[in-house]
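Each chain is listed here by its residues.
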Amino acid sequence: MVYKFRVILDVEEDVFRDVAILSTETLEDLHNAIINSFGFDGSEVGSFYTCDDEWAQEEEIPLFETDTPGEKTMKDFQLSEILDQEKTKIIYVYDFLNMWTFFVELAAIEDKETDLTYPITLFAHGVVPNGNDFSVTNDDIFGEFEDDVDEEDYYNDEFDDNESFEEDFGYEDNY
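Residues numbered from 1 in each chain as written. Predicted model: local features only at pLDDT ≥ 70, side-chain atom pairs only at ≥ 80, totals over all residues. Heavy atoms only, no water.

Moving on, we come to the pattern of salt bridges. Where charged atoms from two side chains of opposite charge approach closely, those side chains can pair. Following the criterion strictly, the structure yields 3 salt bridges and no others. Between Asp 18 and Arg 6 there is a salt bridge, and its shortest N-O distance comes to 2.4 Å. One end of the pair, Asp 18, is in strand β2 (residues 16-22); the other, Arg 6, is in strand β1 (residues 2-9), with 12 residues separating them in the sequence. Judged by relative accessible area, Arg 6 falls into the partly exposed class, the value being 32%. Across the pair Glu 58 and Lys 87 runs a salt bridge whose closest N-O atoms are separated by 3.9 Å. Of this pair, Glu 58 sits in strand β4 (residues 57-62) while Lys 87 is found in the loop between α2 (79-82) and β5 (89-94), placing the two residues 29 residues apart along the sequence. (Salt bridge = Lys/Arg side-chain N within 4 Å of Asp/Glu carboxyl O. Helix = DSSP H or I, 4+ residues; strand = E, 2+ residues; numbered from the N terminus. Buried < 20%, exposed > 50% of the residue type's maximum accessible area, 1.4 Å probe, protein only.)

Here's what the structure looks like:
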């Protein structure tokens, strides 16, 4: 059987891919299909997370073993063991610095087409933003409050510039 997934990148603009893969393939194969369909180079690690119907994150399934010896990884799970007609959703996170988060939903289970090689990207919509677009600056956080801030609020005349921090708060230098 072939699993057809809608893989939605969690960004402001609509960016998604429809991917078809054999149900006997592993989560690691799905990981590779996703990063290839979105144009990532595969140099970062990722994890799948099982979830409920409301996308609430549950159990982590990492690409590689972490601290727990004998921990099951992506290569240990066939897609058909994790997903079926009843359980259709899984979360995928790639590159833990940029935290690319994908909502992966099983859209259809169909017969294999003999003229296709799987996995395959069936449809692509939207462009993946540059990773730098996710960096947050102080202007992003505080910019909207800029007009409301009175510069005087940042200065406090309560402390004498000649007193030390320890004197202001009653701490003694015990070094």
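On to the confidence of the model for the protein chain. Residue-level pLDDT values for the protein chain average 81, and 74% of them are 70 or greater. Long-range and interchain partners of residues 163-171, a stretch whose pLDDT sits below 50, account for 6 contacts in this model, where long-range means more than four residues apart. (pLDDT = per-residue confidence, 0-100. Contact = heavy atoms within 4.5 Å.)

Right, let's get into the packing of aromatic side chains. For the coordinates displayed, the defined rule picks out 10 aromatic pairs. Centre to centre, the rings of Phe 40 and Phe 102 are 6.3 Å apart; their planes meet at 90°, and the pair counts as edge-to-face. Taken as a pair, Phe 40 in the loop between α1 (27-38) and β3 (46-51) and Phe 102 in strand β6 (residues 100-110) lie far apart in primary sequence, 62 residues in all. Pair check on accessibility: Phe 40 and Phe 102 agree, each one buried. Here the aromatic cluster, defined as three or more aromatic residues joined through ring pairs, consists of Phe 38, Phe 40, Phe 48, Tyr 92, Tyr 94, Trp 100 and Phe 102. When the ring centre of Phe 38 is taken as origin, the NZ or CZ atom of Arg 17, which lies over that ring, is 4.7 Å away. (Phe/Tyr/Trp six-rings, centres within 6.5 Å; stacked < 30°, edge-to-face > 60°. Lys NZ or Arg CZ within 6 Å of the ring centre and 35° of its normal.)

Attention shifts here to the side chain of Ser 23. Its place among the elements puts Ser 23 in the loop between β2 and α1. Residue classification places Ser 23 among the buried positions, given a relative accessible area of 9%.

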